[in-house]
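Spelled out, the chains give:
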Amino acid sequence: MSSSPSELVDCALSLLGDARSEPQYRTVCSRAYYGAFHAANLFHNALPAPGTVGDARGRHEQLIAQLANPTCSKRNHKYFVSQALSKVLRTLIDARVRADYLIDTEVDFGMAAKSSESARVVMLKTSEFAVN
Amino acid sequence: MKAIAQQKNGQLFEEINALQAASRHYLDSTSINPLVRRWRALRHEIDALMKVDACSAWELAGAWKGLSGDLAATEEAFANRTKLGNSGTNRINWMVNRLNLGLFSGAQALYAEVGTAEDGYFTQLLEEGCCSGAIQQAVRFIERAGEMHIKGNADLTTEIIKANAILQVAGLSDACIAQHLDVAGLVLRRHRIRPDGTLRVTSAPGYFNGVTYAFKVPVPAESAFDMNIELAEEEDRAGIDKHVAFDVVFEPLSS
């Protein structure tokens with residue numbers, strides 16, 4: 001058995017539809033981030049060359065750094081798509097950290113909805129640019 | 001961000017603030033709708049005031065022109081106001097209008113002058129200073145305010161201090177942040193969207209440490225993503241070095 005990034009994002013969207021409590025909103029943020037993370041990771045792995053890690057530590061921070069600093073040609077439109085993905089992942093990982101680590105801070109429906117929607121767009125764009 | 005009202009001109013400032021609150025976009029002065037009609041009517045009241053109180057009138061004129069996103073005219077009006085001396089609020093309103101126009105470097109320069117604990121606006125302007133990207137400057141003001149036993153917003157103060165710690169390690173100055181934010185301001189002006197930014201400090205050592213300025217944009221999520229591509233292209237043109245410790249992002253207002 002295995003799961004795909006799109007299944008994780010679909011799971012987040014499905015959970016959102018039934019979410020009525022803060023622990024459920026937190027779960028949505030978490031699934032949404034991981035779906036987007038894996039989709040962005042596949043996008044990055046398909047680039048002609050990996051992006052620059054710089055000072056980043058840990059696989060998650062490193063992926064955000066690599067997406068922000070691609071080494072493919074700037075004439076390749078994926079260069080700037082990669083940077084846009086890095087930007088969106090920052091907002092998703094921030095929500096995920098709040099959701100899973102900072103349980104004394106509020107996570108509401110709006111944050112869960114925003115996370116799942118952002119993850120859906122990450123899926124959409126990584127799929128779109130994977131074939132172009 | 002709201003302009004600060006002053007005495008009898010407060011009503012005009014309140015009307016300007018109300019017009020601003022009515023839309024996340026700059027007013028299109030060529031269109032015909034109730035908001036623009038009201039905006040045009042205010043011009044006559046400001047012109048009339050110019051004959052009796054030029055100081056207030058120039059300040060109002062700057063805020064009024066800012067509503068339409070007219071960068072040059074707003075700057076000119078506030079510069080004219082400043083030539084007549086400082087009232088206490090004119091530089092604050094200039095800073096607020098620079099933030100509303102996406103001129104973050106310029107807003108930082110004014111914040112350095114007006115955000116001090118000694119001048120009495122420290123608590124009120126800490127958020128604006130933060131919005132301008134003046135994190136190091138804000139920390140200096142926070143430290144000085146602490147010595148003077150002045151307390152600001154505790155949550156905001158904590159976020160600013162956390163952001164400063166991350167940015168210091170990365171070697172990113174206020175000027176670097178302002179340059180980056182100015183590029184976002186350029187893109188927002190192109191879309192005629194007034195900046196509405198939030199500081200996000202993500203501190204999870206070993207997982208992700210970073211400071212992010214997220215600007216809400218009143219567009220669908222797909223369009224917000226396209227705006228992030230546009231922002232990345234502009235950042236490249238501006239020669240901005242990307243460091244994982246800091247970035248700017250557009251995010252949809254709501255899903």
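Residues numbered from 1 in each chain as written. Chains lettered and ligands numbered in written order. Predicted model: local features only at pLDDT ≥ 70, side-chain atom pairs only at ≥ 80, totals over all residues. Heavy atoms only, no water.

Undergrad: Explanation requested: the overall build of chain A in the structure shown.
TA: A count of helical and extended segments in chain A gives five helices and zero strands. Listing each helix as α and each strand as β along chain A from the N terminus yields α-α-α-α-α. At 15 Å, chain A has a C-alpha radius of gyration in line with the 14 Å of a compact globule built from 132 residues. By its C-alpha atoms, chain A is 45 × 30 × 30 Å across when sized along the principal axes. Within the span of chain A, comprising 132 residues, buried residues form 55% of the whole. Nonlocal contacts in chain A, meaning residues at least 24 apart in sequence, comprise 61% of its contacts between residues at least 6 apart. When the accessible surface of chain A is totalled, it reaches about 5900 Å², and 53% of it is carbon and sulfur. (Helix = DSSP H or I, 4+ residues; strand = E, 2+ residues; numbered from the N terminus. Rg over C-alpha atoms; globule rule 2.2 N^0.38 Å. Buried < 20%, exposed > 50% of the residue type's maximum accessible area, 1.4 Å probe, protein only. Contact = heavy atoms within 4.5 Å. Areas by Shrake-Rupley, 256 points an atom, 1.4 Å probe, with all protein chains shown as cover.)

Undergrad: I'm lost on the environment of Ala163 of chain B in this one. Help?
TA: Residue and element names in this part refer to chain B. Note on placement: Ala163 falls in helix H9 (residues 154-170). Given the relative accessible area of 0%, Ala163 is considered buried. Taking the C-alpha atoms as reference points, Ala163 and His44, separated by 119 residues in sequence, lie 45 Å from one another. Beyond its immediate chain neighbours, meaning those up to four positions away, Ala163 contacts Ile135, Leu199, Val201 and Val211.

Undergrad: Can you walk me through the sheet that holds strand E3 (residues 246-252) of chain B in this structure?
TA: What links the strands of a sheet is backbone hydrogen bonding, and the strands pair in either a parallel or an antiparallel sense. Residue and element names in this part refer to chain B. Spatially, three strands are ordered E1-E2-E3 in an open sheet, and the strand pairing comes out mixed. Each having just a single partner strand, strand E1 (197-204) and E3 make up the two edges of the open sheet. The mean angle between the axes of side-by-side strands here comes to 30 degrees, regardless of whether they run parallel or antiparallel. Bridge count for E1 against strand E2 (residues 208-217) is eight bridges, and the pairing is antiparallel. Bridging from a neighbouring strand, Arg200 pairs with Thr212 of E2. (Pairing = 2+ DSSP bridges. Axes fitted to C-alpha atoms, helices over the stretch in contact; angles between N-to-C directions.)

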